Amino acid sequence: MVLKWILLLLIAWYVFKALGNLILTLRGVPIDSPRPSMPEREERRPVTKPTEYKAEISRKPEIEDARFKDL
């Protein structure tokens with residue numbers, strides 16, 4: 001019984017929070033995101049791969065034909 005009330009309170013909290021955010025959005029007030037934002041493009045560094053990795057990709061793998069045996 002207590003678990004049911006806790007679950008109902010948790011759902012009510014999420015509903016009231018969502019309604020509050022909806023009202024703030026309708027008023028035009030920006031809402032702060034709880035998640036960290038992505039860094040700007042100029043802060044990102046290009047990824048460089050060693051030449052050995054490129055050589056491995058350029059090699060074609062050897063593929064054998066499958067042969068089925070009747071058991």
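Rules of the game
Residues numbered from 1 in each chain as written. Predicted model: local features only at pLDDT ≥ 70, side-chain atom pairs only at ≥ 80, totals over all residues. Heavy atoms only, no water. Helix = DSSP H or I, 4+ residues; strand = E, 2+ residues; numbered from the N terminus. Buried < 20%, exposed > 50% of the residue type's maximum accessible area, 1.4 Å probe, protein only. Areas by Shrake-Rupley, 256 points an atom, 1.4 Å probe, with all protein chains shown as cover. Expected span 1.5 Å × (residues − 1). Phe/Tyr/Trp six-rings, centres within 6.5 Å; stacked < 30°, edge-to-face > 60°. Patch = residues over 30% accessible without salt bridge, like charges linked within 9 Å, V, L, I, M, F, W, Y side chains within 5 Å. Salt bridge = Lys/Arg side-chain N within 4 Å of Asp/Glu carboxyl O.

*Asks:* Hey, could you run me through the overall build of the protein chain in this one?
*Replies:* Helix and strand counts for the protein chain stand at 2 helices and 0 strands. Buried residues in the protein chain amount to 0% of all 71 residues. Surface exposure of the protein chain reaches about 8,400 Å², of which carbon and sulfur atoms provide 61%.

*Asks:* What's the story with helix α1 (residues 2-27) in this structure? I'm lost.
*Replies:* Count 3.6 residues to each turn of an α-helix, and residues three or four apart come out pointing the same way. For α1, spanning 26 residues, the distance from its first C-alpha to its last is 38 Å, which sits close to the expected 38 Å at 1.5 Å a residue. Directly beyond the C-terminal end of α1, a positive phi value near 95° is found at Gly28.

*Asks:* Even after reading the chapter, I still don't get the packing of aromatic side chains, so can you show me in this structure?
*Replies:* Where two aromatic rings form a pair, the distance of their centres and the angle of their planes describe that pair. For the structure shown, the criterion picks out 1 aromatic pair. On the basis of an interplanar angle of 65° and a centroid distance of 4.9 Å, the ring pair of Trp13 and Tyr14 is categorised as edge-to-face. Taking the relative accessible area as the measure of exposure, Trp13 reaches 47% and is therefore partly exposed.

*Asks:* Help me understand a nonpolar patch on the surface, please; the structure alone is not making it clear to me.
*Replies:* On the surface, a nonpolar cluster with roughly 1,100 Å² of combined accessible area is contributed by Leu7, Leu10, Ile11, Trp13, Tyr14, Val15, Phe16, Leu19, Leu22 and Leu26. Along the chain, Val15 turns up in helix α1.

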